[in-house]
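If you want the building blocks of each chain, they are given just below.
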Amino acid sequence: MAELTVTDVRVRYGDVLAVDGVSFHLASGTTLALLGPSGCGKSTLLGSIAGFVGIESGTIALGGRDVADLPVRKRGLSMVFQTHALFPHLSVLENVLFGLRARRRRGRLTPADRQAAAAALALVRLTEYRDRYPEELSGGQRQRVALARALVVQPAVLLLDEPLSSLDAKLRAEMRIELRELQAATGVTMVYVTHDKDEAFALGDLVGVMNRGKLVQLGPPEQVCREP
Ligand code: ADP
Ligand code: ADP
């Protein structure tokens, strides 16, 4: 588990300052819900933490270490996207094992890896579905597989980019509760990007509101203005 400290980060695409001097500190095991309109820089900020978007200036530190000194593989991050991107030809269990295989020499899994995959599937309540294929699952179940795949590597920080936005309202409400339970069970630090206010205020220990690349509000949900 790790604390995450982002200090004065800027990201530029040509003339566009997509992230314009963002700073925050997130304690280990807590969730930052990042809210804001489309195009305000949420995904770019997440990408810069994940390491696939380069920053122009500022620093990002995980557990006190500047990520610039850490190869992407060693950052202890997992990411979940809006569309689950499961491999259609792999079973649920094989999809979850995929993330581990990629980290093992010649893809060789250990008995501990198989236990970890079983535990991750249990955590998202999909044990019974381990031998099914993605096309046989509902949208919510697929997104749970994506979560299990992200969690199986025991990341210090879990980055989620609109992970529930492809689901219907009822399922989103259920998954919110599950995400809180998952966090309590794993102690993972989460950065959760959404444009859904209810979701942000329900999930965040901290709510951050972005506008035009800047973090214009940051605080516990009860201190953040819902109608900026
Ligand atoms: P969002 O749902 O976050 O608003 P977008 O539709 O803005 O997503 O962006 C989808 C993808 O396209 C992202 O990977 C983003 O980095 C990329 N993208 C967004 N705007 C541009 C742009 N002006 N030029 C090139 N790529 C872009
Ligand atoms: P959000 O996630 O809040 O929708 P993004 O981070 O996707 O916002 O985009 C922030 C800004 O950066 C937007 O103006 C978008 O068009 C631009 N942008 C995002 N990705 C790219 C890209 N790959 N190339 C150029 N511009 C981009």
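That block above? That's the structure.
The following paragraphs examine the structure supplied in this document. Note that the structure is a prediction, hence the values are computed from the model and not measured. (Residues numbered from 1 in each chain as written. Chains lettered and ligands numbered in written order. Predicted model: local features only at pLDDT ≥ 70, side-chain atom pairs only at ≥ 80, totals over all residues. Heavy atoms only, no water.)

## What to know about the overall build of the chain
Stage number 1. Within the chain one finds six helices and ten strands.
Stage number 2. The C-alpha radius of gyration computed for the chain amounts to 17 Å, which stays within 12% of the reference 17 Å derived for 228 residues, consistent with globular compactness.
Stage number 3. If you line up the chain on its principal axes, its C-alpha atoms span 45 × 40 × 30 Å.
Stage number 4. Out of the 228 residues in the chain, the part that is buried amounts to 50%.
Stage number 5. By sequence separation, contacts in the chain at least 24 residues apart represent 69% of the contacts at least 6 residues apart.
Stage number 6. Summing over all exposed atoms, the chain offers an accessible surface of approximately 11,100 Å²; the carbon and sulfur share of this is 51%. (Helix = DSSP H or I, 4+ residues; strand = E, 2+ residues; numbered from the N terminus. Rg over C-alpha atoms; globule rule 2.2 N^0.38 Å. Buried < 20%, exposed > 50% of the residue type's maximum accessible area, 1.4 Å probe, protein only. Contact = heavy atoms within 4.5 Å. Areas by Shrake-Rupley, 256 points an atom, 1.4 Å probe, with all protein chains shown as cover.)

## A word on the nonpolar core
Stage number 1. Ranked by size, the top nonpolar core spans 34 residues in total, and within it Val96, Leu147, Leu158, Leu160 and Leu179 carry the most contacts.
Stage number 2. Put simply, the parts of the chain that give this core at least two residues each are helix 2 (92-101), helix 3 (111-123), helix 4 (139-151), strand 7 (157-161), helix 5 (169-186) and strand 8 (189-193).
Stage number 3. Broken down by element, this core gets its largest block of residues, six residues, from helix 4.
Stage number 4. Among all residues touching Leu160, those that are not within four sequence positions of it are Leu46, Val80, Leu147, Leu179, Met190, Val191, Tyr192 and Val193. (Core = buried A, V, L, I, M, F, W, Y, C linked by side-chain atoms within 4.5 Å.)

## Brief notes about the pairing of strand 7
Stage number 1. Burial analysis of strand 7 places five of its five residues in the buried class, the great majority of the element.
Stage number 2. Residues Val157, Leu159 and Asp161 of strand 7 are buried on one face, and the alternating residues Leu158 and Leu160, pointing to the opposite face, are buried as well.
Stage number 3. Note: strand 6 (residues 77-80) against strand 7, four bridges, orientation parallel. Residue Met79 lies in a different strand from strand 7, and its bridge partner there is Leu159.
Stage number 4. The sheet contact formed by strand 7 and strand 8 spans five bridges and is parallel. (Pairing = 2+ DSSP bridges.)

## Here's the deal with the pattern of salt bridges
Stage number 1. This structure, assessed with the given rule, holds 13 salt bridges.
Stage number 2. Residues joined in a network through salt bridges with shared partners are Asp8, Arg10, Asp20 and Lys214. (Salt bridge = Lys/Arg side-chain N within 4 Å of Asp/Glu carboxyl O.)

## Here's the deal with the sheet that holds strand 7
Sheet strands line up and pair through hydrogen bonds in the backbone, either parallel or antiparallel.
Stage number 1. Pairing within the open sheet is mixed, and its six strands lie in the order 6-7-8-3-9-10. Here the strands that pair on one side only, and so sit at the sheet edges, are strand 6 and strand 10 (214-219). The average angle at which neighbouring strand axes cross in this sheet is 20°, direction not considered.
Stage number 2. Helix-sheet contacts for helix 1 (residues 42-50) involve strand 3 (31-35), strand 6, strand 7, strand 8 and strand 9 (206-211), and the interaxial angle to strand 7 is about 150°.
Stage number 3. Running at roughly 170° to strand 6, helix 4 makes contact with strand 6 and strand 7 of the sheet. (Axes fitted to C-alpha atoms, helices over the stretch in contact; angles between N-to-C directions.)

## Describing the site of ligand 2
Stage number 1. In the vicinity of ligand 2, the residues found are Tyr13, Val16, Ala18, Pro37, Ser38, Gly39, Cys40, Gly41, Lys42, Ser43 and Thr44.
Stage number 2. Between Cys40 and ligand 2, the recorded distance is 3.1 Å, taken from a backbone N or O atom to an oxygen atom.
Stage number 3. Interatomic distance of 3.0 Å between a backbone N/O atom of Gly41 and an oxygen atom of ligand 2.
Stage number 4. Protein contacts shield 57% of the accessible area of ligand 2, which totals 560 Å² for the unbound molecule.
Stage number 5. Residue assignment for the shell around ligand 2 shows that the elements contributing at least two residues are strand 2 (16-26) and helix 1.
Stage number 6. Sort the elements by how many residues they give to the shell around ligand 2 and helix 1 lands first, with three residues. (Near = heavy atom within 4 Å. Polar contact = N/O pair within 3.5 Å; in protein donor to acceptor, adjacent residues only side chain to side chain.)

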